[in-house]
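# Inside the fold
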Amino acid sequence: KIADLDKEVSMGLRWTFMPLYWRALEPDGPVDLSQETPPAWQELDAFLIAAHSRQLNVLMQAPVVGGNAGGPPAWAGRRDQGKSAPANMVALAEFAGKLAQRYRPGGTLARRQGWGVNYGVRAWELDNEPESYFTCWKGQAADYAEFATLAAERIRAADPEAVIVAPGMSAGKHSLDWLQAALDPQTENRSATSGTAAKRFSIGPVIDVVSLHNY
């Protein structure tokens, strides 16, 4: 990404972008960062340090579960085979909070680098084109709404000023039914093994910025 960062600076940009795949950062189970910093997290730290040195803000697309991330890590299970919703949704939400705690202004990395509250990740886009891209949340709009709600809660617990960006879906009429379902807490567009059938969710109340991917 260093060459990309330098190009962005040369273009006069003030923002850069990084997607984070859950299965890449926690491949074998939840990571305890108080004990050690695995290599993948060290690389992510280095990216933030490089962005800071170039005065680039970071839009973090995270956590990314589906799309080109390929789904949740095996240890988290899946509610439906071949789709994005993990059986262990709480672990996914806790991962989101862990990211925010480490990379927020005033977070673990900022304190270590002496940035204080002057630099860190504030904007979080939740997954990548969840309605249709590769491994996705198709037929799991309610599960995505659950994910967005729980992840936003954990992120804001770490950083009350965090900006939640969603649903990050591809633009087009094919997406509208899924979007409507993700907004509707009464939708039946949900996994067959949803663990929270008695509780209903909508992406509407948790989103600060609506994102659509236009091509």
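What this report covers is the structure whose coordinates are included nearby. (Residues numbered from 1 in each chain as written. Predicted model: local features only at pLDDT ≥ 70, side-chain atom pairs only at ≥ 80, totals over all residues. Heavy atoms only, no water.)

### Observations regarding the overall build of the protein chain
The following threshold applies: The way it works is that DSSP assigns letters per residue, a run of H or I at least four long becomes a helix, a run of E at least two long becomes a strand, and they are numbered from the N terminus. Note that the radius of gyration is over C-alpha atoms, with the globule rule given as 2.2 Å times the number of residues to the power 0.38. The classification of residues rests on relative accessible area computed with a 1.4 Å probe and restricted to protein chains. Under 20% of the type maximum is buried, over 50% is exposed, and intermediate values are partly exposed. Contacts are residue-level and defined by heavy atoms, with any inter-residue pair within 4.5 Å sufficient.
Counting its secondary structure elements, the protein chain contains 7 helices and 5 strands. In sequence order, the secondary structure elements of the protein chain are arranged as α-β-α-α-β-α-α-β-α-β-α-β. Taken over the C-alpha trace, the protein chain has a radius of gyration of 17 Å; the compact-globule value for 215 residues is 17 Å, and the two agree within 12%. Over its C-alpha atoms, taken along the principal directions, the protein chain stretches across nearly 50 × 40 × 30 Å. The buried share of the protein chain, taken over its 215 residues, is 52%. Once local pairs closer than 6 in sequence are excluded, the contacts in the protein chain between residues at least 24 apart make up 72%.

### Description of the packing of aromatic side chains
Using the following cut-off: Two rings belonging to Phe, Tyr or Trp (six-membered ring only in the last case) form a pair when the distance between their centres is within 6.5 Å. Interplanar angles under 30 degrees mark stacking, angles over 60 mark edge-to-face geometry, and anything in between is tilted.
In total, this model carries 9 aromatic pairs according to the counting rule given. Their ring planes at 85° and their centres at 6.0 Å tell us that Trp-41 and Phe-95 sit as a pair that is edge-to-face. With Trp-41 in helix α3 (residues 39-53) and Phe-95 in helix α4 (residues 89-103), this pair connects stretches of sequence that are 54 residues apart. Taking relative accessible area as the criterion, Phe-95 reaches 1% and is therefore assigned buried. Within the aromatic cluster, the residues linked to one another by ring pairs are Trp-22, Trp-41, Trp-75 and Phe-95.

### Observations concerning α4
What counts is decided by this rule: Here, expected helix span is obtained from the residue count minus one, scaled by 1.5 Å.
With 15 residues, α4 extends 22 Å from end C-alpha to end C-alpha; this agrees with the ideal 21 Å at 1.5 Å per step. Of all the 15 residues making up α4, 11 are buried; the element is thus mostly covered by neighbouring parts of the structure. Considered for burial, the residues of α4 that qualify are Met-89, Ala-91, Leu-92, Ala-93, Phe-95, Ala-96, Gly-97, Leu-99, Ala-100, Arg-102 and Tyr-103.

### Focus on the sheet that holds strand β1 (residues 15-21)
How we decide: Criterion used throughout: strands pair if DSSP finds at least two bridges between them. Only the stretch in contact is used when fitting a helix axis, every axis being a line fitted to C-alpha atoms; angles between N-to-C directions are given from 0 to 180 degrees.
Sheet architecture is open: 5 strands sit in the order β1-β2-β3-β4-β5, paired in parallel fashion. Each edge of the open sheet is held by one strand with a lone partner, namely β1 and β5 (209-213). The average undirected angle you get between the axes of adjacent strands in this sheet is 25°. As judged from the 5 bridges shared by strand β4 (residues 163-170) and β5, these two strands associate in the parallel manner. By the bridge assignment, Met-169 is partnered in β5 with Leu-212. Lying on the sheet, helix α6 (residues 141-158) is in contact with β2 (57-64), β3 (123-125) and β4; it crosses β4 at an angle near 155°.

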